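The residues making up each chain are set out below.
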Amino acid sequence: MIALVGPTATGKSAFGISVAQTLIAGGHPAEIVNGDSMLVYRGMDIGTAKPSVAERAGVPHHLIDVLDVTETASVAQFQGMARAAIADCQARGVLPILVGGSALYVHAILDEMDFPGTDPGVRARWEAELARVGPQALHDELARRNPAVAAEILPGNGRRIVRALEVIELTGSFQPRLPVPAYALPGVVQVGLSIERDELDARIDARVEAMWHQGFVDEVRGLDAKGLRQGMTASRALGYRQVLAMLDGEVSKDEAKAATKQATRRFARKQMGWFRRDARIRWLPYDAADLVRKVSAAALTAR
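Every value quoted in this text rests on a predicted model; they were computed, and no experiment measured them.

**Describing the overall build of the chain**
In step 1: When helices and strands are counted, the chain shows twelve helices and six strands.
In step 2: Over its C-alpha trace the chain gives a radius of gyration of 20 Å, about what one expects of a compact globule, namely 19 Å for 303 residues.
In step 3: Per-residue burial for the chain yields a buried fraction of 47% across its 303 residues.
In step 4: Contacts spanning at least 24 positions in sequence make up 75% of the contacts within the chain whose residues lie at least 6 apart.
In step 5: Summing over all exposed atoms, the chain offers an accessible surface of approximately 14,300 Å²; the carbon and sulfur share of this is 53%.
In step 6: Side chains of the chain carry 37 positive and 35 negative charges; the gap between the two charge centres is 3 Å.

Written out as structure tokens, the structure reads:
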């Protein structure tokens, strides 16, 4: 299989479709497996730059529009769904092309990574405690129970603190760091799309402006009526939480737009930090003239 990775706004979705089309035209069936944590949600289209049915150009896509915004897409759940889609492609003689910028999710799909079980009751109890006392106090509780784990988690990261306390209660231990990357799947070829920081920032700004022009605020307003705020994952998506704050009167339209641009730039830098640490990725300029040909050839080496 092949994985196309890189920061947001580099055109990975459209590029992946072009690669699949090239392979299909050459007699090599190929399908896209989504590796982005937010494209799984129905209705979250504009803010996630989700490729429309027309833009998919007949190339089958997996893990797009499979959850409601009220549902939670944990990394473990996403891993299982993506690996099932990949196995299905391979069983049919189809080359799966994983496309995504959610580094943790891509890592979980491609590499050896096991997730401890969960207990809804235990999780709900710790989430209620987080809401009652706040992340700092809950971090103090984690430090009392396991100082080594607490030292590896930022005091403001409430979700991770809750998860650590849940796993410690269920298993007695928690691994705060990811394992050394090692492919769990055979024949993986990773290609990253590289871009200069200034150009990426400009593309992000242009994308956010386009989102507002395309009706992003109305999209968020409609999803809010469908329970967006109750979704533990969807409500935190870039842009969506900023527009929710605007709808609540906490910020102006211009402030929400500026905050979305800033948060997206920060996220893109974090993505690059994650991906650049993976020496297995072959980096190519996102705008190289012969990029599709190069990646299509690399994909064939994975077969």
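**Here's the deal with the side chain of Gln242**
In step 1: Inspection of the secondary structure puts Gln242 in helix α10 (residues 240–247).
In step 2: Of note is the side chain of Gln242, whose polar atom sits 2.7 Å from the backbone nitrogen of Gly239.
In step 3: Not counting residues within four places of it along the chain, the set of residues in contact with Gln242 comprises Ala237, Val251, Ala256, Ala259, Thr260 and Ala263.

**Focus: helix α7 (residues 158–171)**
In step 1: The terminal C-alpha atoms of α7 lie 20 Å apart, and with 14 residues this matches the ideal 20 Å at 1.5 Å per residue to within 8%.
In step 2: Turning to α7, its buried residues are Gly158, Ile161, Val162, Arg163, Ala164, Leu165, Glu166, Val167 and Ile168.
In step 3: Where the residues of α7 are buried, they touch α4 (120–133), α5 (135–145) and α6 (147–151).
In step 4: Backbone geometry just after α7 places Gly172 at a positive phi near 90°.

**A look at the packing of aromatic side chains**
In step 1: Taken as a whole, this structure holds three aromatic pairs when the rule is applied.
In step 2: Taken together, a centroid distance of 5.5 Å and an interplanar angle of 70° make the contact between Trp212 and Phe216 edge-to-face. Taken as a pair, Trp212 and Phe216 share a single burial class, namely buried.
In step 3: Seen in terms of ring centroids, Phe216 and Tyr240 are 4.9 Å apart; in terms of plane orientation they differ by 85°. Their pairing is edge-to-face. Separated by 24 residues along the polypeptide, Phe216 in helix α9 (residues 216–225) and Tyr240 in helix α10 bring together distant segments of the chain.

**Some words on the sheet that holds strand β6 (residues 282–285)**
In step 1: Within the open sheet, the six strands sit side by side as β3-β2-β4-β1-β5-β6. Their pairing is parallel. The sheet terminates laterally at β3 (61–62) and β6, the two strands that pair on one side only.
In step 2: Where strand β2 (residues 30–34) and β3 come together, two bridges link them in parallel fashion. Following the sheet pairing, Ile32 is matched in β3 by His61.
In step 3: Sheet strands in contact with helix α1 (residues 12–25) are β1 (2–5), β2, β3, β4 (95–100) and β5 (189–194), and its direction is about 170° off that of β4.

**Focus: the pattern of salt bridges**
In step 1: Under the counting rule described, the total for this entry stands at 23 salt bridges.
In step 2: Here Glu166 ties to Arg163 by a salt bridge, and the two come within 3.0 Å at their closest N and O atoms. With Glu166 and Arg163 both in helix α7, this residue pair falls three residues apart, about one helical turn. In this pair, the class of Glu166 matches that of Arg163, namely buried.
In step 3: A salt bridge links Asp278 to Arg280, with the shortest nitrogen-to-oxygen separation between them at 2.8 Å.
In step 4: Its relative accessible area of 28% is what places Arg280 among the partly exposed residues.
In step 5: A cluster of three or more residues bridged by salt bridges with shared partners is formed by Asp45, Lys50, Arg56 and Asp65.

Calculation criteria
Residues numbered from 1 in each chain as written. Predicted model: local features only at pLDDT ≥ 70, side-chain atom pairs only at ≥ 80, totals over all residues. Heavy atoms only, no water. Helix = DSSP H or I, 4+ residues; strand = E, 2+ residues; numbered from the N terminus. Rg over C-alpha atoms; globule rule 2.2 N^0.38 Å. Buried < 20%, exposed > 50% of the residue type's maximum accessible area, 1.4 Å probe, protein only. Contact = heavy atoms within 4.5 Å. Areas by Shrake-Rupley, 256 points an atom, 1.4 Å probe, with all protein chains shown as cover. Lys, Arg positive; Asp, Glu negative; His and termini not counted. Charge placed at Lys NZ, Arg CZ, Asp CG, Glu CD. Polar contact = N/O pair within 3.5 Å; in protein donor to acceptor, adjacent residues only side chain to side chain. Expected span 1.5 Å × (residues − 1). Phe/Tyr/Trp six-rings, centres within 6.5 Å; stacked < 30°, edge-to-face > 60°. Pairing = 2+ DSSP bridges. Axes fitted to C-alpha atoms, helices over the stretch in contact; angles between N-to-C directions. Salt bridge = Lys/Arg side-chain N within 4 Å of Asp/Glu carboxyl O.

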